[in-house]
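# Residue-level structural notes
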Amino acid sequence: QVQLVESGGGLVQAGGSLRLSCAASGSIFSINAMGWYRQAPGKQRELVAGIISGGSTNYADSVKGRFTISRDNAKNTVYLQMNSLKPEDTAVYYCNARLSSYYYTQMRDYWGQGTQVTVSS
């Protein structure tokens with residue numbers, strides 16, 4: 001009953017920019033936090049950036065100063081602005097939301113389907 005739909009991935013040259021979007025929809029009651037994770041081939045999924053309902057953010061050290069996470073609470077949407085992209089940023093990026101729904105009132109994690117970001121050198 002809850003869906004996370006991502007958009008904005010693609011192919012970009014090193015030094016370029018991309019903006020990812022993730023919209024949560026369905027029978028949402030309350031969203032506690034939203035964030036972006038990524039998984040490169042042969043590596044574990046890692047947190048890229050997160051934002052809680054109050055607006056506090058946190059970032060992986062590898063993206064600090066280059067990526068910015070923001071959130072539109074009215075639209076249940078989270079964004080990831082990625083600047084100065086590097087080849088090592090290449091990965092599948094997944095949206096995550098910790099929320100409660102009208103059908104499942106406890107907070108739990110939901111995931112998007114993933115969007116590919118490829119940075120060429």
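This text gives an overview of the structure that appears in the document. No experiment lies behind these values; they were computed from the predicted model shown. (Residues numbered from 1 in each chain as written. Predicted model: local features only at pLDDT ≥ 70, side-chain atom pairs only at ≥ 80, totals over all residues. Heavy atoms only, no water.)

### Topic: the sheet that holds strand β3 (residues 18–26)
This is how the line gets drawn: When DSSP finds at least two bridges between two strands, those strands are taken to pair. Segments assigned H or I by DSSP are reported as helices when at least four residues long, segments assigned E as strands when at least two residues long, and all are numbered from the N terminus. Note on geometry: axes are C-alpha line fits, over the in-contact stretch for helices, and angles between N-to-C directions span 0 to 180 degrees.
The sheet built from 4 strands is open, its strands ordered β1-β3-β8-β7 with antiparallel pairing. At either end of the open sheet lies a strand with only one pairing partner, and these are β1 (2–7) and β7 (67–72). Each strand of the sheet is rotated relative to its neighbour by a mean of 15 degrees, with strand direction disregarded. Both β7 and strand β8 (residues 77–82) contribute to a ladder of 6 bridges, which runs antiparallel. Bridge pairing in β8 links Thr68 to Gln81.

### Observations concerning the side chain of Thr77
Inclusion rule: Definition of a polar contact: a pair of N or O atoms within 3.5 Å, with one able to donate and the other able to accept a hydrogen when the atoms are protein atoms, and with sequence-neighbouring residues admitted only if both atoms are side-chain atoms. Any two residues whose heavy atoms approach within 4.5 Å at even a single point are treated as in contact.
Checked against the element boundaries, Thr77 lands in strand β8. Only 2.9 Å separates the side chain of Thr77 from the backbone oxygen of Lys75, close enough to count as a polar contact. Contact partners of Thr77, with chain neighbours within four places excluded, come to Cys22, Ala23, Met34, Ser70, Arg71 and Asp72.

### Quick look at the state of the cysteines
Selection criterion: Any two cysteine sulfur atoms within 2.5 Å of one another count as a disulfide. Only protein chains enter the accessibility calculation, which uses a 1.4 Å probe; a residue is then buried when its area is under 20% of its type maximum, exposed when over 50%, and partly exposed in between.
Counted according to the given criterion, the structure contains 1 disulfide. Each disulfide pairs two cysteine sulfurs, and for Cys22 the partner residue is Cys95, the sulfurs being separated by 2.0 Å. For the disulfide bridge between Cys22 and Cys95, the dihedral angle about the S-S bond is near -80 degrees, and by the sign convention the bridge is left-handed. With Cys22 in strand β3 and Cys95 in strand β9 (residues 91–101), this residue pair connects regions lying 73 residues apart in the sequence. For Cys95, a relative accessible area of 0% corresponds to the buried category.

### So, the nonpolar core
Convention followed: To define a nonpolar core, start from buried Ala, Val, Leu, Ile, Met, Phe, Trp, Tyr and Cys residues and group those joined through side-chain atoms within 4.5 Å.
Of all hydrophobic cores here, the largest spans 31 residues; its most connected members are Trp36, Leu80, Met82 and Tyr93. Breaking this core down by element, the ones donating at least two residues are β1, β3, β4 (28–39), β5 (46–52), β7, β8, β9 and β11 (115–120). The greatest single-element share of this core, amounting to 5 residues, is contributed by β9.

### Points about the pairing of β7
Side chains Phe67, Ile69 and Arg71 project from β7 onto a buried face, and the interleaved Thr68, Ser70 and Asp72 project onto a face without burial. Here β7 folds back onto β8 in antiparallel fashion, the turn holding 4 residues, of which Asn76 has a positive phi close to 50 degrees.

### Considerations on a nonpolar patch on the surface
Our working definition: For patch detection, residues must exceed 30% relative accessible area and be free of salt bridges, and they are connected within 9 Å for like charges or within 5 Å for nonpolar side chains (Val, Leu, Ile, Met, Phe, Trp, Tyr). Areas reported here follow the Shrake-Rupley algorithm with a probe of radius 1.4 Å; residue values treat only the protein chains shown as occluding. The term salt bridge refers to a pairing of a side-chain nitrogen on Lys or Arg with a carboxyl oxygen on Asp or Glu at a separation within 4 Å.
A surface patch of nonpolar side chains, about 550 Å² in accessible area, is lined by Phe29, Tyr102, Tyr103 and Tyr104. In this structure, Tyr103 sits in the loop between β9 and β10 (108–111). Given the relative accessible area of 61%, Tyr103 is considered exposed.

### Let's talk about unusual backbone geometry
A positive phi angle, near 50 degrees, is found at Asn76, a position not held by glycine. In this fold, Asn76 is placed in the loop between β7 and β8. Residues other than glycine seldom take positive phi values, yet Ser84 does so here, at roughly 50 degrees.

### Here we look at the packing of aromatic side chains
Note the cut-off: Two aromatic rings from Phe, Tyr or Trp, using only the six-membered ring of Trp, form a pair when their centres are within 6.5 Å; if the ring planes differ by under 30 degrees the pair is stacked, by over 60 it is edge-to-face, and anything between is tilted. Only Lys NZ and Arg CZ are tested; either one counts as a charge over a ring when it is within 6 Å of the ring centre and within 35 degrees of the ring normal.
Tallied over the full model, the rule gives 2 aromatic pairs. With a centroid separation of 5.4 Å and 80 degrees between ring planes, the pair formed by Phe29 and Tyr102 is classed as edge-to-face. Of this pair, Phe29 sits in strand β4 while Tyr102 sits in the loop between β9 and β10; the two residues are 73 residues apart in sequence, bridging distant segments of the chain. With relative accessibility at 56%, the residue Tyr102 sits in the exposed group. A cation over an aromatic ring shows up here: Arg45 above the ring of Tyr94, its NZ or CZ 3.8 Å from the ring centre. Above the ring of Tyr104, the side-chain terminus of Arg108 is found at 5.8 Å from the ring centroid.

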